[in-house]
Amino acid sequence: MTEALARPFRLGPLELPHRVVMAPMTRNRAGPGNVPRALNAEYYAQRASAALIVTEATQVSEQGVGYPLTPGIHAPEQVAGWRLVTDAVHRAGGRIALQLWHVGRISHSSLQPGGALPVAPSAIAAAGEAMTFEGMKPFETPRALETAEIPGIVDQFRQGARNALEAGFDAVEVHGGNGYLLDQFVRDGTNARADAYGGSVENRLRLPVEIARAVAEIWGADRVGYRISPWQRFNDMSDGAPEETFAALAQALDGTGIAWLHVVESDAPGRDAEEADAAAFVASRPALLGRLRGTFRGALMVNSAYDGPRGAAVLEAGGADLVSYASLFLANPDLPKRLLGNGPLNEPVRKTFYGGGAEGYTDYPFWEG
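Calculation rules
Residues numbered from 1 in each chain as written. Predicted model: local features only at pLDDT ≥ 70, side-chain atom pairs only at ≥ 80, totals over all residues. Heavy atoms only, no water. Helix = DSSP H or I, 4+ residues; strand = E, 2+ residues; numbered from the N terminus. Contact = heavy atoms within 4.5 Å. Expected span 1.5 Å × (residues − 1). Buried < 20%, exposed > 50% of the residue type's maximum accessible area, 1.4 Å probe, protein only. Pairing = 2+ DSSP bridges. Phe/Tyr/Trp six-rings, centres within 6.5 Å; stacked < 30°, edge-to-face > 60°. Lys NZ or Arg CZ within 6 Å of the ring centre and 35° of its normal. 1 Å grid on protein atoms, 1.4 Å probe; cavity = no way out; pocket = protein on both sides within 12 Å on 5 of 7 lines; lining within 4 Å. Points joined across faces, edges and corners; volume = space filled by probe spheres on them. Nonpolar A, V, L, I, M, F, W, Y, C, P; charged D, E, K, R; others polar. Axes fitted to C-alpha atoms, helices over the stretch in contact; angles between N-to-C directions. Parallel < 35°, antiparallel > 145°, perpendicular 65-115°, else oblique. Left-handed = near helix turned anticlockwise from the far one by under 90°. Core = buried A, V, L, I, M, F, W, Y, C linked by side-chain atoms within 4.5 Å. Right-handed = clockwise from strand over helix to strand, strands pointing away. Polar contact = N/O pair within 3.5 Å; in protein donor to acceptor, adjacent residues only side chain to side chain.

A word on the environment of S109
The residue S109 is located in the loop between strand 5 (96–101) and strand 6 (119–120) in this model. Sequence-wise, S109 and E140 are 31 residues apart; in three dimensions their C-alpha atoms are separated by 7.9 Å. Sequence-distant contacts of S109, that is, excluding residues within four places in its chain, are made with G115, A116, P118 and E140.

Here we look at helix 3 (residues 76–91)
Under the 1.5 Å per step criterion, the end-to-end length of helix 3 is 23 Å for 16 residues, consistent within 8% with the ideal 22 Å. For helix 3, the full list of buried residues reads Q78, V79, G81, W82, V85, T86, A88 and V89. The inward-facing, buried residues of helix 3 abut helix 2 (38–46), strand 4 (53–59), strand 5 and helix 4 (150–166). In the stretch just after helix 3, G93 is the one whose phi turns positive, near 90°.

A word on the pairing of strand 8 (residues 135–138)
Alignment of strand 7 (residues 129–132) against strand 8, held across 4 bridges, turns out to be antiparallel. Note that in strand 8 the partner of E129 across the bridge is P138. The antiparallel pairing of strand 7 with strand 8 creates a hairpin that spans 2 residues between the two strands.

Looking at the packing of aromatic side chains
Note on aromatic pairs: each is described by the distance of the centres and the angle between the planes. Within the structure shown, the criterion is met by 9 aromatic pairs. Each ring, one from W82 and one from F169, has its centre 5.4 Å from the other, and the planes form 65°; the classification is edge-to-face. Within this pair, whereas W82 is found in helix 3, its partner F169 is found in the loop between helix 4 and strand 10 (171–175), the two being separated by 87 residues in sequence. A single burial state applies to W82 and to F169, both of which are buried. Relative to Y306, the ring of F281 lies with its centre 5.6 Å away and its plane at 85°, an arrangement referred to as edge-to-face. Placement of F281 in helix 9 (residues 278–283) and of Y306 in the loop between strand 13 (299–303) and helix 11 (308–316) is noted, with a sequence separation of 25 residues between them. Residues F281 and Y306 agree in their burial class; the two are buried. Joined through ring pairs, the aromatic side chains of Y43, Y44, W82, F169 and Y361 make up one cluster. Across the ring face of F281, the terminal group of R310 is positioned such that the distance to the ring centre comes to 4.3 Å.

A look at the layout of surface pockets
Gaps between atoms show up when a probe of the same size as a water molecule is rolled over them. In this structure, the largest pocket spans a volume of roughly 1,300 Å³. Elements that contribute at least two residues to the lining of the largest pocket include exactly strand 4, strand 5, strand 7, strand 14 (322–325) and helix 12 (327–331). Classifying every residue of the lining of the largest pocket by side-chain character gives 26 nonpolar, 14 polar and 8 charged. Taken as a whole, the second largest pocket holds about 170 Å³ of empty space. Lining the second largest pocket, in full, are G33, N34, E62, V65, S110, L111, Q112, P113 and F133.

Thoughts on the packing of helix 8 (residues 242–254) against helix 10 (residues 287–295)
Closest axis-to-axis distance for the helix 8/helix 10 pair is 9 Å, and the angle between their directions is 15°. Relative to helix 10, the element helix 8 lies roughly parallel. The interaxial crossing formed by helix 8 with helix 10 has right-handed handedness. Contact with helix 8, carried on its side by P242, E243, E244, F246, A247, A250, Q251 and D254, involves L288, R291, L292 and T295 of helix 10 and no other residues of that element.

With respect to the nonpolar core
Core analysis: the biggest nonpolar cluster contains 85 residues, and V215 and Y325 have the highest contact counts within it. With residues up to four places along the chain from it excluded, the contact list for V215 reads L100, F157, A161, V172, V174 and V224. Among the nonpolar cores identified, the runner-up in size contains 15 residues, and F9, L14, A51 and M301 belong to it.

Some remarks on the pairing of strand 5
Across a regular strand the side chains alternate sides, sitting on one face of the sheet and then on the other. Of all 6 residues making up strand 5, 6 are buried, and the element is well covered by its neighbours. In strand 5, alternate side chains face the same way, and those of I96, L98 and L100 on one face and A97, Q99 and W101 on the other are all buried. Chirality of the crossover, the property in question, places the unit of strand 4, helix 3 and strand 5 among those that are right-handed. The pairing of strand 5 with strand 10 spans 4 bridges and is parallel. Note on strand 10: the bridge partner recorded for A97 is A171.

Brief notes about the side chain of Q232
Mapped onto the elements of the fold, Q232 is located in the loop between strand 11 (224–228) and helix 8. Here Q232 falls in the buried class, since its relative accessible area comes to 8%. Here the side chain of Q232 touches N178 through a polar contact of 3.1 Å, side chain to side chain. Apart from the residues lying within four places of it in its own chain, the contact partners of Q232 are N178, R187, M237, V264, S266 and D267.

Thoughts on the packing of helix 2 against helix 3
Running from N to C, helix 2 and helix 3 point in directions that differ by 30°, and their axes come no closer than 8 Å. Here helix 2 lies roughly parallel to helix 3, going by the angle between them. Our pair here, helix 2 against helix 3, has a crossing hand that is right-handed. On helix 3, the residues touching A38, N40, A41, Y44 and A45 of helix 2 are W82, L84, V85, A88 and V89. Classifying every residue of the contact of helix 2 with helix 3 by side-chain character gives 9 nonpolar, 1 polar and no charged.

Written out as structure tokens, the structure reads:
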């Protein structure tokens, strides 16, 4: 039933033993100064049987911070903290990629250097509330980045990529989804600019492509991925023509030669996460996914309500090369063994997803089967 998930796959220079990837998941458990610590190393090492671990989103600068206790990759002590993690994962036989992140407007002045406003492509506030050390607070209207500041954003990602290399990662993924800064540039609901980074689809894609190229300069394109969430409304996102926008983005990213495109399918039209039949679930995938498959020549990684049968079905249908799992990997540190061996699955405990210590983080049991 899950044979397709068990097949090895070559991702750039990485030899993956199977196709079950650990998706990035924010857990809000970094130490003071947004520094990864021993608890984080234990958590990731427990999950080293993943084909590839993609870490929780990790900010490339102080300006990129959007939530308390999320790790960074812009200070020496953060690089050292991440080295604890990569060493632990490698000792356990795993492969690990760092996800590079800037939240843009999804921050709050209390989290920003000097109490400054968060930055964004345009001065358009998100509906909703920011998570701060003082509790939830309404999102503020961000400051629109000046054109002259944008090369500095590229440099933040370039330096984050350089620091990730120093920290011992095997690859990196640029976070271009979930309503964060690069997604804000891509979608017309958040980008009202009139310069070379706004207006036409080509202009709105300019910053993501510049960043993908900058990161590839450090790592080599064959160790770089990019994550998108074309339909997701999280963080008050919208676009007038998402299929055209993201098909164009996939084509532009294909031109950079990067190794993979990671597609979050949540909120996609026609998808029913409760659909029991794997074939019907796969058949409900939107047409855009087929366009991405035909446009982007690197590996396609998908993420959305997959279990073992659904994941195997999408691979068998040729709809993807890799499947990433989020909450199932959170609750099942040995998820590949369970999926490939048809083992029982631990249920994720939602109340322990964010913040705290070992409970709901490193205390989920392994399967003894």
